[in-house]
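Descriptive analysis of the structure
Here is how the chains run, residue by residue.
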Amino acid sequence: MLTCSLCINNEKTSKIEIVDRKPICKECVVYLKHKPDRGKIRAELDELMKSVDKAVVAFSGGKDSTVALYLAKEYYKVPELEAIMIDHGFMAKEAIENAKRIAEYLDAPFTILRYDYSDIFREALLKAQSPCRRCSKRTMEKLRKHALSKGIKYIITGHELPFGHHPYRLMSGGIIQIRLLSLMSEKERFEILKKLPFEFPKLAGYTTNCLILGPALERYYEKHGLSFEHRRIAALVRYGLLDKEKALEKVKKPEIPEEIKRDVYERLNLNLKEML
Ligand SMILES: [Zn+2]
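Residues numbered from 1 in each chain as written. Predicted model: local features only at pLDDT ≥ 70, side-chain atom pairs only at ≥ 80, totals over all residues. Heavy atoms only, no water.

This part is about the coordination of the zinc ion. Taken together, Cys4 (SG), Cys7 (SG), Cys25 (SG) and Cys28 (SG) make up the protein donors of the zinc ion, found 2.3 Å from the metal. Between the four donor atoms coordinating the zinc ion, the angles at the centre fall across 102 to 117°, so the site counts as tetrahedral. In primary sequence terms, the donor set of the zinc ion follows C-x2-C-x17-C-x2-C. The class for Cys25 is buried, based on a relative accessible area of 0%. Residue class for Cys28 comes out buried when judged on its relative accessible area of 0%. (Donors = N, O, S within 2.8 Å, 3.2 Å for Na, K, Ca; no water. Tetrahedral: all angles 85-135°; square planar, octahedral: opposite > 155°, others 65-115°. Buried < 20%, exposed > 50% of the residue type's maximum accessible area, 1.4 Å probe, protein only.)

See below:
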């Protein structure tokens, strides 16, 4: 099977062409033609952040949103911040502890809003689909409504890729989502985490907050023989944000601790034995 010479896409995850005798995926072909300008995106982010006087930080207690909260508070010095965790019902308790510890350490007001996303998770596990897109869409909508109700215009998130070639996105109601980690490498993020009282939880896969991701990745892997995160992780390699080796590690079939798996399936009223 052909694998892209630049990222980690293969014939299962993308269309591979041969360019200059090297296999290359269609996303990398586009990327090489229209490379995002890192300096420009960073400058745009710095300029935008100057006008941010009040913001909601989408704070899941995971490593990326922890870095985002740190940057907003310590680097960009946003005068008024509110860290909001949208608990979808399956946040790891370690993530909630991390979130409380980090918010206290950074002296940021922190609120947990609790919801029940089991409809999304149950369906994803039953159908062996990724729950991530629907989950994050619902979460962004809840954050948007929260920001609107508080008269706050900006929502800061811990995403590492820009929206197209810009680090922000206009949402309805005039709310602006800012991807504060746009084009920040994993190494840079880890350097920041070292300064903070962040403890890595022992969860399946690479998540630092969600109990669903591991079991969902496993189900998907069993059905399709690959990770539903493969293309996103390939993009991180393409943008130079993640080593190929580490990326390949992340797209392997995850090992899920038995007690997490049992707990998740039980709470979603799914019978693991019938599904296998
Ligand atoms: Zn590629």
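Now that the structure has been shown, the text picks up again.
For helix α3 (residues 63-75), with 13 residues, the first-to-last C-alpha span of 17 Å sits near the 18 Å given by 1.5 Å per residue. The buried count for α3 comes to 10 of 13 residues, which makes it a mostly enclosed element. Those residues of α3 not exposed but buried are Lys63, Asp64, Ser65, Thr66, Val67, Ala68, Leu69, Tyr70, Leu71 and Ala72. Contacts made by the buried residues of α3 are with β3 (54-58), β4 (80-87), α4 (93-106), β6 (154-157) and α7 (186-194). (Helix = DSSP H or I, 4+ residues; strand = E, 2+ residues; numbered from the N terminus. Expected span 1.5 Å × (residues − 1). Contact = heavy atoms within 4.5 Å.)

This part is about the environment of Pro215. By secondary structure assignment, the location of Pro215 is in helix α8 (residues 213-224). Exposure remark for Pro215: the relative accessible area of 1% places this residue in the buried category. Note: C-alpha distance between Pro215 and Arg42 (173 residues apart in sequence) is 36 Å. Beyond its immediate sequence surroundings of up to four residues, Pro215 is in contact with Leu125, Ile256, Val264 and Tyr265.

With that settled, the discussion passes to the packing of α3 against α7. The interhelical angle for the contact between α3 and α7, taken along N-to-C directions, is 70°, at an axis separation of 10 Å. Overall, the two elements α3 and α7 adopt an arrangement that is roughly perpendicular. Residue-level inspection shows Lys63, Asp64, Thr66, Val67, Tyr70 and Leu71 of α3 in contact with α7, the latter providing Arg189, Phe190, Ile192 and Leu193. Broken down by class, the residue content of the contact of α3 with α7 amounts to six nonpolar, one polar and three charged. (Axes fitted to C-alpha atoms, helices over the stretch in contact; angles between N-to-C directions. Parallel < 35°, antiparallel > 145°, perpendicular 65-115°, else oblique. Nonpolar A, V, L, I, M, F, W, Y, C, P; charged D, E, K, R; others polar.)

Here Leu211 shows up in the loop between α7 and α8. For Leu211, a relative accessible area of 12% puts it in the buried group. When the C-alpha positions of Leu211 and Lys63 are compared, they lie 15 Å apart, and in sequence the two are 148 residues distant. Apart from residues lying up to four places away in sequence, Leu211 is in contact with Phe90, Met91, Ala92, Leu203, Ile260, Asp263, Val264 and Arg267.

A word on the side chain of Glu82. Examined against the element boundaries, Glu82 turns out to sit in strand β4. Within polar-contact distance, the side chain of Glu82 engages the side chain of His146 at 3.2 Å. In contact with Glu82, other than residues within four places in its own chain, are Ala55, Val56, Val57, Pro109, Thr111, His146, Lys150 and Ile152. (Polar contact = N/O pair within 3.5 Å; in protein donor to acceptor, adjacent residues only side chain to side chain.)

This paragraph deals with the pattern of salt bridges. In the structure shown here, the tally under the stated rule is 21 salt bridges. Lys63 is paired through a salt bridge with Asp64; the nearest N and O atoms lie 3.6 Å apart. For the pair Lys63 and Asp64, one class covers both residues: buried. For the salt bridge of Arg232 with Glu229, the shortest nitrogen-to-oxygen distance reads 3.0 Å. On the basis of relative accessibility, which here comes to 34%, the residue Arg232 falls in the partly exposed class. (Salt bridge = Lys/Arg side-chain N within 4 Å of Asp/Glu carboxyl O.)

Looking at the protein chain, the domain boundaries give domain 1 (1-35), domain 2 (38-194) and domain 3 (202-275). Inter-centroid distance (C-alpha atoms) of domain 1 to domain 2 is 31 Å. (Domains from an automatic or database assignment.)

Okay, the pairing of β6 next. What you see with β6 is no split at all: Tyr154 and Ile156 on one side and Ile155 and Thr157 on the other are buried throughout. Taken together, the three bridges between β3 and β6 define a ladder with parallel strand orientation. The residue of β6 that forms the bridge with Ala55 is Tyr154. Examined bridge by bridge, β6 and strand β8 (residues 176-179) share four bridges and lie parallel to one another. Among the inter-strand pairings, Ile155 is bridged to a residue of β8, identified as Gln177. (Pairing = 2+ DSSP bridges.)

Taking strand neighbours across the sheet as the criterion, the six strands line up as β5-β4-β3-β6-β8-β7 in an open arrangement whose pairing is mixed. Single-partner strands in this sheet number two, and they are β5 (110-114) and β7 (168-170). Between one strand axis and the next, the sheet turns by 25° as a mean value, whatever way the strands run. The sheet strands contacting helix α2 (residues 38-50) are β6, β7 and β8, and the helix crosses β8 at an angle near 135°. On top of the sheet, α3 reaches β3, β4 and β6; it is set at about 170° to β4, its chief contact.

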